Amino acid sequence: MDYGTIQGIITIVVMLTFVGIFAWAYSSRRKDQFDEAANLVFSDDELSKGSGEHK
């Protein structure tokens, strides 16, 4: 195999990885989990239990 063939294979692998991550991130099955993770910043239950801070 020459350099061009190896470079082409690597390009295809990187492209398929990108498409896979994109499909995973925008999958409707993951929406609930991502919405929950996005709202964690507004949840102060864990913060107030463990840190001892006063409101």
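Residues numbered from 1 in each chain as written. Predicted model: local features only at pLDDT ≥ 70, side-chain atom pairs only at ≥ 80, totals over all residues. Heavy atoms only, no water.

Quick word on the overall build of the protein
For step 1, the next point in the chain: Helix and strand content of the protein: three helices and zero strands.
For step 2, the next point in the chain: For the protein, the residues scored as buried account for 2% of the 55 residues in total.
For step 3, the next point in the chain: Carbon and sulfur atoms make up 64% of the accessible area of the protein, which totals about 5400 Å². (Helix = DSSP H or I, 4+ residues; strand = E, 2+ residues; numbered from the N terminus. Buried < 20%, exposed > 50% of the residue type's maximum accessible area, 1.4 Å probe, protein only. Areas by Shrake-Rupley, 256 points an atom, 1.4 Å probe, with all protein chains shown as cover.)

Observations concerning the pattern of salt bridges
Close approach of charged atoms lets side chains of opposite charge pair.
For step 1, the next point in the chain: One pass over the full model with this rule turns up one salt bridge.
For step 2, the next point in the chain: In this structure, the salt-bridge partner of Asp35 is Lys31, at a minimum N-O distance of 2.9 Å. Remark: Lys31 and Asp35 occur in helix H2 (residues 31-38); sequence separation between them is four residues, near one turn of the helix.
For step 3, the next point in the chain: On the basis of relative accessible area, Asp35 is assigned to the partly exposed category, the value being 34%. (Salt bridge = Lys/Arg side-chain N within 4 Å of Asp/Glu carboxyl O.)

With respect to the UniProt feature "transmembrane region" (unreviewed entry) in the protein
For step 1, the next point in the chain: The UniProt feature table records "transmembrane region" (unreviewed entry) at residues 6-26.
For step 2, the next point in the chain: Secondary structure across residues 6-26 comprises 95% helix and 0% strand; the distance between its end C-alpha atoms is 30 Å. (UniProt positions renumbered as here; feature names shortened; annotations may be inferred.)

Remarks on the packing of aromatic side chains
For step 1, the next point in the chain: What the rule picks out here adds up to three aromatic pairs.
For step 2, the next point in the chain: Ring geometry for Phe22 versus Tyr26: centroids 4.9 Å apart, planes at 40°, classification tilted.
For step 3, the next point in the chain: Exposure remark for Phe22: the relative accessible area of 47% places this residue in the partly exposed category.
For step 4, the next point in the chain: One aromatic cluster is present, built from ring pairs that chain together Phe18, Phe22 and Tyr26.
For step 5, the next point in the chain: Above the ring of Phe34, the side-chain terminus of Arg30 is found at 5.3 Å from the ring centroid. (Phe/Tyr/Trp six-rings, centres within 6.5 Å; stacked < 30°, edge-to-face > 60°. Lys NZ or Arg CZ within 6 Å of the ring centre and 35° of its normal.)

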